[in-house]
Amino acid sequence: MNHLDQTLLFDADDTLWENNVYFERAITAFISYLDHRVHTTEEVREHLNSVERQTVAAHGYGLKSFRRSLIRCFEELADMPLTEDKHHRIVSFVDSISEQEMELMPGVAETLPALAARHRLMVVTKGDEEEQIDKLRRSGLAAYFTAVEVLPEKHEAAYRALAARHACDRRQTWMIGNSPKSDINPALAAGLNAIFVPHDFTWVLEHELVDQPPEGAKLIELGSFRDLLNYF
Ligand SMILES: [Mg+2]
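Keep in mind it's a predicted model, so treat the numbers as computed, not measured.

Some details on the sheet that holds strand 1 (residues 7-10)
- Here we have six strands laid out as an open sheet, ordered 3-2-1-4-5-6, and parallel in their pairing. The sheet terminates laterally at strand 3 (147-151) and strand 6 (219-221), the two strands that pair on one side only. This sheet shows a mean twist of 20° between the axes of neighbouring strands, independent of strand direction.
- In terms of strand pairing, strand 2 (residues 120-126) meets strand 3 through five bridges, oriented parallel. Note on strand 3: the bridge partner recorded for K126 is L151.
- Taken strand by strand, helix 6 (residues 129-139) contacts strand 2 and strand 3, and its axis lies near 145° from that of strand 3.

So, in structure tokens, the structure goes:
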């Protein structure tokens with residue numbers, strides 16, 4: 001391809017930087033703390049997933065929502081009351097996530113400057129606006145992007161609205177990300193092109209099969225972030 005002046009929309013969590021692995025660690029610590037005598041680890045995890053689906057639907061994504069989920073999961077499963085001490089401990093699992101240093105995905109630091117010199121780059125993420133903007137600032141990558149969109153949810157209508165807002169020519173616009181559910185399938189449905197960069201530890205709530213692109217839209221799967229330079 002190598003056309004100049006394409007618009008490249010980048011997902012952030014688990015595309016530009018590590019994110020879900022920290023949540024997985026916190027969940028492992030939580031489950032081990034809960035130390036349930038009746039439910040297996042898998043059963044506790046299943047329950048937490050279902051609690052998370054409900055919390056996200058009611059309160060959106062982000063750490064505050066995750067904290068709510070862990071506390072509710074504890075209250076629903078534990079055979080002991082949630083004392084102030086226990087509450088404090090659960091909150092500490094959540095705090096350990098926000099205390100993480102930003103860890104860029106391999107190839108991101110050297111690939112983005114080259115792409116930014118040739119194309120228009122934007123961040124399209126979902127979650128808590130303050131948390132996402134703060135991560136972008138701490139990543140040191142903010143200067144490569146002309147716009148940052150923190151959306152409540154990344155569905156087809158959100159991509160259509162975003163494309164209109166930024167006057168994106170849909171044939172020259174690409175959504176790049178690790179989540180079939182939030183990055184690839186809804187962007188394709190909105191008529192944009194998509195680049196799937198799979199991550200080994202994508203959040204289970206983002207799992208979905210990748211759809212075939214509709215007529216006129218393109219879908220490419222890459223083995224690594226660096227491979228973007230072969231196309232742009
Ligand atoms: Mg992601």
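So much for the structure itself; the text now carries on.
Comments concerning the coordination of the magnesium ion
- Bound to the magnesium ion on the protein side are D11 (OD), D13 (O) and N178 (OD1), at distances that span 2.1 to 2.2 Å.
- Donor residues for the magnesium ion sit on one chain with the sequence pattern D-x1-D-x164-N. A residue pair is termed long-range when its members are at least 10 positions apart, and D13 in the loop between strand 1 and helix 1 (20-34) and N178 in the loop between strand 4 (173-177) and helix 8 (180-189) qualify at 165 residues.
- The class of N178 is buried, set by a relative accessible area of 5%.

Considering empty space enclosed by the protein
- According to the stated counting rule, one finds one cavity of 30 Å³ or more in the structure shown.
- Counted as a void, the largest cavity has a volume near 30 Å³.
- Forming the boundary of the largest cavity are A12, W17, V123, T125, Q132, I133, L136, V148 and V150.
- Ranked by residue count, the leading element in the lining of the largest cavity is helix 6, at three residues.
- Residues belonging to the lining of the largest cavity are distributed by class as follows: seven nonpolar, two polar and no charged.

Concerning helix 7 (residues 156-165)
- Among the residues of helix 7, A158, Y159, L162 and A163 are the ones counted as buried. Seen from one end, helix 7 has its buried residues packed into an arc of 130°, which puts them on one side. More than 90 degrees from the buried face of helix 7, the exposed residues found are A157 and A164.
- Contacts made by the buried residues of helix 7 are with strand 1, strand 2, strand 3, strand 4 and helix 8.

Some remarks on the packing of aromatic side chains
- Scanning all chains against the criterion turns up six aromatic pairs.
- Judged by centre distance (5.8 Å) and plane angle (35°), the rings of F10 and F225 are tilted. Of the two residues, F10 is situated in strand 1 and F225 in the segment after strand 6; the sequence distance between them amounts to 215 residues. Across the pair, exposure class does not vary: F10 and F225 are buried alike.
- Considering the side-chain rings of F23 and F66, the 4.9 Å spacing of their centres and the 70° angle between planes classify their relative orientation as edge-to-face. Of this pair, F23 sits in helix 1 while F66 is found in helix 3 (residues 63-77), placing the two residues 43 residues apart along the sequence.
- According to the relative accessible area criterion, F66 is buried, its value standing at 2%.
- Counting every residue linked through ring pairs, the aromatic cluster contains F10, F145 and F225.

The rules we used
Residues numbered from 1 in each chain as written. Predicted model: local features only at pLDDT ≥ 70, side-chain atom pairs only at ≥ 80, totals over all residues. Heavy atoms only, no water. Pairing = 2+ DSSP bridges. Helix = DSSP H or I, 4+ residues; strand = E, 2+ residues; numbered from the N terminus. Axes fitted to C-alpha atoms, helices over the stretch in contact; angles between N-to-C directions. Contact = heavy atoms within 4.5 Å. Donors = N, O, S within 2.8 Å, 3.2 Å for Na, K, Ca; no water. Buried < 20%, exposed > 50% of the residue type's maximum accessible area, 1.4 Å probe, protein only. 1 Å grid on protein atoms, 1.4 Å probe; cavity = no way out; pocket = protein on both sides within 12 Å on 5 of 7 lines; lining within 4 Å. Points joined across faces, edges and corners; volume = space filled by probe spheres on them. Nonpolar A, V, L, I, M, F, W, Y, C, P; charged D, E, K, R; others polar. Arc of directions from axis to C-beta. Phe/Tyr/Trp six-rings, centres within 6.5 Å; stacked < 30°, edge-to-face > 60°.

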